[in-house]
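Each chain, letter by letter, is given below.
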Amino acid sequence: MADTRTTKPGIKRLLITITTLLPFFFGIPLWLNSTQVYRAPLPFKDVDALGSWASENTLLLPCRLNVIFASKDEFLTKPELDSVASQLILHVQSLMGGNSSDHETCQNGFNIQVKYDTENVCLTSGQTLDSPTWPCGLVKYGFFNSAQLSDDILDNVLWNYANKEENESTVQDEGGLYTVVVLRKSQIESLDSFSKDDVSTGGCTNEQSSICKSKTGWSTVVGKYRHAWIIGDFNSSTVESEVVPRIGDVALTFLRGSRSASGRSKARNLPLSAEGEAILSFSLLNADPDTWIFDWDFEELKRQFFQPVVEALSGIARLTIESQVLYYTPKAVQSRWDASLNAHVVAVKQLPFFVNSNEWHLDTSSAAAGRSKLLHFAIYVPGGGEYPLHFLRKNDQLSSTDGFTSPEFESIAGVIVAQLRTLFGLPPILSDDPETGYFSLSPARTGFAEWELDLLLRRRAISDMTAAASTLMSLSRLVQKLSSMVIMDEIGEQVKNSLSAAAAARDHAAHGAYRSTAESASKAASLAEAAFFQPSIMSVLYNPTEHHLAIYTPFFVPVLLHAVLAVIKEASRYRGEWKKFKQKKE
């Protein structure tokens, strides 16, 4: 009788058992919803669009070249000027090689305009520039009276002409607009105070004038601002063969920092933080105070020498300066006495080991916290037992500067600006070459010519734009991969503002606004990095999903397991009772 059943088994007991699972079915979604992290919406499509653009394009700024043939008489016709302009455009394009991947490359190459400026004629040829250029009138301005003087005077005369009141519309301070003035030497030599015999007989004695120092009869000078000038013997039939190549060399100088098509200044990453900041830390190291002690009036040094440099670089970097004096700071290598040189010397191969990191306590800046860049400049004063101390070059000649640059330290002996130029990827000095007739003027106070600042601005804008796109793409991939990552509203705003700054940088670049482009690109990179390194993101990187499972499993699994087993057992019992009922019925 026990194996049969006469009544249909009731379902109430099974339903009651099943209802024990209902809290889990309805509670788990509610629990998951209550434990969800806050994720501010991010513009992933806009980030992907910026990343795609950056992978195929470079933030390029326009470069414009305004060439002025200034003459007291008329030696060119309009067709000849058109031919010179065409040849010059083709020549510069061939020098650039169409390579748009260089950091120094300008947007669409150089736009070139050629002017012919005489006392009675003003002709224009070539491409149309999107910025105001120098107007005609150099001859009437008395330019030829200054061409015989020193290069510095001539450079300032040109600057004054570009910035005189009636020429304010030329906007000389606008980056990317360069001017080359071309003169015939015969017109300068016709002046009473500068006779032809002075040059033809080698009797030119004005050592401050490049035309006197040149050994070729030609003088090509790149000034401190955004202009250059060329002086030489040519006429309408030789202008294309003699002048055009020299103008091309000047264009390459403005573009790359080198007049050679193959050579260029080293386009290195600027030693700046993501915010475009750096701290210049100057340390005076007294190796042996028992012998002598040196001190300095650093505030006066800062005012006279360093502050002009900081102001000149303000559009590229925000630099702050600090100083200290240290004692008992021996170097890490031993010098040797060289009787032939009558000096203690340290070989160049020993310079990587010169810095004594154990004794030179240079990292004392409280302002260098976080991601700030700290550049050390160390002035080493040897003890009496090693005086005088010099660096010995590989050719067994003494160094003219006794300074060197290492990846972490900058040792200086009167070459601070040269060292800083090297750090920014420029040659230590602008050299002259009398053998070829090429000369450059270096600003005495700032150490950086205005056209060099343009070069650094182009590099900085490109570097920051690339960094912003790369950082935002990395953040986008990270956020989409880690679903448990908290995305605060602050991160969302930083990402949106970074994208807006990147768009503004591209817009400013299209209009040739150098400083605005660099500022916007720097802002984009800074905001992108701030979003990526936001503290709430960093904490989630060490709190993965597996960690949550390990925490909550002990709370739910034991209870859920017993409930599931009870339902299984009751369902099994009900199925058995139902079989008994069916057997009895049959």
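Residues numbered from 1 in each chain as written. Predicted model: local features only at pLDDT ≥ 70, side-chain atom pairs only at ≥ 80, totals over all residues. Heavy atoms only, no water.

### What about the overall build of the protein chain?
As a reminder, the rule being used: Where helices and strands are cited, they refer to DSSP runs of H or I of at least four residues and of E of at least two residues respectively, numbered from the N terminus. Buried, partly exposed and exposed residues are distinguished by accessible area as a fraction of the type maximum, computed with a 1.4 Å probe on protein chains only: under 20%, between the cut-offs, and over 50%, respectively. Throughout, a residue-residue contact means that at least one pair of heavy atoms, one from each residue, lies within 4.5 Å. Each accessible area is a Shrake-Rupley result for a 1.4 Å probe, and residues are judged covered by the shown protein chains and nothing else.
Along the backbone of the protein chain there are 17 helices and 15 strands. Considering the protein chain as a whole, with its 586 residues, one finds that 49% of them fall into the buried category. Across the protein chain, every contact between residues at least 6 apart in sequence was considered, and the portion connecting residues at least 24 apart equals 77%. If you sum the accessible surface of the protein chain, you get close to 29200 Å²; carbon and sulfur atoms cover 54% of it.

### Thoughts on the packing of helix 13 (residues 450-481) against helix 14 (residues 489-510)
Counted only if it meets this: Helix axes are fitted only over the stretch in contact, all axes being lines through C-alpha atoms; the angle between N-to-C directions runs from 0 to 180 degrees. Crossing handedness is read from the near helix: turned anticlockwise from the far helix by less than a right angle, it gives a left-handed crossing, and turned clockwise, a right-handed one. For this classification, the nonpolar set comprises Ala, Val, Leu, Ile, Met, Phe, Trp, Tyr, Cys and Pro, the charged set comprises Asp, Glu, Lys and Arg, and every other residue, Gly included, is treated as polar.
Taken N-terminus to C-terminus, the directions of helix 13 and helix 14 make an angle of 150°; their axes are 11 Å apart at the nearest point. Note on packing geometry: the crossing formed by helix 13 with helix 14 is left-handed. When helix 13 is examined against helix 14, the residues Met465, Leu472 and Leu475 are found in contact with a partner set consisting of Ile491, Val495, Ser498, Leu499, Ala502, Ala505 and Arg506. Tallied by class, the residues present in the contact of helix 13 with helix 14 amount to 8 nonpolar, 1 polar and 1 charged.

### Comments concerning the pattern of salt bridges
Pairing between side chains of opposite charge can happen when the charged atoms of each approach one another. Basically, it comes down to this: What makes a salt bridge here is a side-chain nitrogen of Lys or Arg within 4 Å of a carboxyl oxygen of Asp or Glu, nothing more.
In total, this model carries 15 salt bridges according to the counting rule given. The residue aspartate 152 makes a salt bridge to lysine 224 at a minimum N-O spacing of 3.4 Å. A residue pair is termed long-range when its members are at least 10 positions apart, and aspartate 152 in helix 6 (residues 151-163) and lysine 224 in the loop between strand 5 (219-222) and strand 6 (227-232) qualify at 72 residues. Exposure remark for aspartate 152: the relative accessible area of 41% places this residue in the partly exposed category. A salt bridge links aspartate 338 to arginine 336; the nearest nitrogen and oxygen atoms lie 3.7 Å apart. Through salt bridges with shared partners, a single network forms among Asp152, Asp155 and Lys224.

### Brief notes about the sheet that holds strand 12 (residues 389-392)
Strand pairing in a sheet relies on backbone hydrogen bonds, with the paired strands running either antiparallel or parallel. Applied cut-off: Being paired, for any two strands, means DSSP has found at least two bridges between them.
Spatially, 9-10-12 is the arrangement adopted by the 3 strands of the open sheet, whose pairing is mixed. Two strands lie at the open edges of the sheet, namely strand 9 (336-338) and strand 12, each paired on one side alone. Here the average twist between neighbouring strands, direction ignored, is 50°.

### Quick notes on the sheet that holds strand 2 (residues 110-117)
In spatial order, the strands read 3-2-1-4-6-5-15; together these 7 strands make up an open sheet with mixed pairing. The sheet is open, and its two borders are formed by strand 3 (122-126) and strand 15 (438-440), each paired with just one other strand. On average, adjacent strands in this sheet sit at an angle of 20° to one another, irrespective of strand direction. Here strand 2 runs beside strand 3; their pairing, made up of 5 bridges, is antiparallel. If you follow valine 114 over to strand 3, its bridge partner there is serine 125. Strands strand 4 (177-184), strand 5 and strand 6 of the sheet are contacted by helix 6, whose axis makes an angle of about 125° with strand 6.

### Focus on the confidence of the model for the protein chain
Detailed reading of the predicted coordinates is not advisable wherever pLDDT falls low. Under the convention used in this document: Residue-level confidence of the predictor is what pLDDT reports, using numbers from 0 through 100.
With 81% of its residues at a pLDDT of 70 or more, the protein chain has an overall mean of 79. Averaged over each element, pLDDT in the protein chain is lowest for strand 14 (residues 409-411) (42) and highest for helix 14 (93). Across residues 168-173 the pLDDT falls below 50, and counting only partners more than four positions away or on other chains, this stretch makes 15 contacts in the model. Between residues 406-411, whose pLDDT stays under 50, and residues either more than four places distant or in other chains, the model counts 16 contacts.

### Notes on the side chain of arginine 459
For clarity, the cut-off: For the purposes of these results, a polar contact is taken to be a pair of N or O atoms within 3.5 Å, where, inside protein, one atom must be able to donate a hydrogen and its partner to accept one; residues adjacent in sequence count only when each atom of the pair is a side-chain atom.
Its location among the elements puts arginine 459 in helix 13. Residue class for arginine 459 comes out buried when judged on its relative accessible area of 3%. Separated by 3.3 Å, the side chain of arginine 459 and the backbone oxygen of glycine 425 make a polar contact.

### Quick word on unusual backbone geometry
Keep in mind that most residues, glycine aside, have a negative phi and that most peptide bonds are trans. With omega at -5°, the peptide bond leading from tyrosine 387 into proline 388 counts as cis. Along the polypeptide, proline 388 turns up in the loop between strand 11 (373-381) and strand 12. The residue tyrosine 328 is not glycine, and still its phi comes out positive at about 55°.

### Some points on the state of the cysteines
In a disulfide, the sulfur atoms of two cysteines are covalently bonded to one another. Filter applied, for reference: What counts as a disulfide here is a pair of cysteine sulfur atoms lying within 2.5 Å.
Within the structure shown, the criterion is met by 1 disulfide. Across the disulfide, cysteine 122 is cross-linked to cysteine 136 (sulfur-sulfur distance 1.9 Å). Negative torsions about the S-S bond denote left-handed disulfides, and the value of about 65° found for cysteine 122 with cysteine 136 makes this one right-handed. Separated by 14 residues along the polypeptide, cysteine 122 in strand 3 and cysteine 136 in the loop between strand 3 and helix 5 (143-146) bring together distant segments of the chain.

### Concerning the packing of aromatic side chains
Let me state the cut-off plainly: Aromatic pairs are defined between Phe, Tyr and Trp rings, using the six-membered ring for Trp, whenever the two ring centres lie within 6.5 Å; interplanar angles under 30 degrees are classed as stacked, those over 60 as edge-to-face, and all others as tilted. Distance and angle both matter: a charge sits over a ring if NZ of Lys or CZ of Arg is within 6 Å of the ring centre and within 35 degrees of the ring normal.
Per the stated rule, a full pass over the model turns up 19 aromatic pairs. With 5.1 Å between their ring centres and 20° between their planes, phenylalanine 282 and phenylalanine 377 make a pair best called stacked. Residue phenylalanine 282 is located in strand 7 (residues 277-286), and its partner phenylalanine 377 is located in strand 11; the two are separated by 95 residues in the primary sequence. Relative accessible area serves as the criterion here: at 2%, phenylalanine 282 is assigned to the buried category. Taking relative accessible area as the criterion, phenylalanine 377 reaches 1% and is therefore assigned buried. Measuring from centroid to centroid gives 5.7 Å for phenylalanine 298 and phenylalanine 306, while their planes differ by 40°, and the two rings are tilted. Summarising the burial analysis for this pair, phenylalanine 298 and phenylalanine 306 share the class buried. Grouping aromatic residues by their ring pairs yields a cluster made of Phe69, Phe75, Tyr116, Trp218 and Phe234. When the ring centre of phenylalanine 75 is taken as reference, the NZ or CZ atom of arginine 184 above it lies at 4.1 Å. Directly above the ring of phenylalanine 448 sits arginine 421, whose terminal nitrogen or CZ lies 5.6 Å from the centroid.

### Structural notes on the packing of helix 14 against helix 15 (residues 514-532)
The following threshold applies: Here the word oblique covers every angle except those under 35 degrees (roughly parallel), over 145 (roughly antiparallel) and from 65 to 115 (roughly perpendicular).
It is at 8 Å that the axes of helix 14 and helix 15 come closest, and there the two elements cross at 160°. It follows from the interaxial angle that helix 14 and helix 15 lie roughly antiparallel. Note on packing geometry: the crossing formed by helix 14 with helix 15 is left-handed. Contacts from Ile491, Gln494, Val495, Asn497, Ser498, Ala501, Ala502, Ala504, Ala505, His508 and Ala509 in helix 14 reach Ser516, Thr517, Ser520, Ala521, Lys523, Ala524, Leu527, Ala528, Ala530 and Ala531 in helix 15. For the contact of helix 14 with helix 15, the class distribution of residues is 13 nonpolar, 7 polar and 1 charged.

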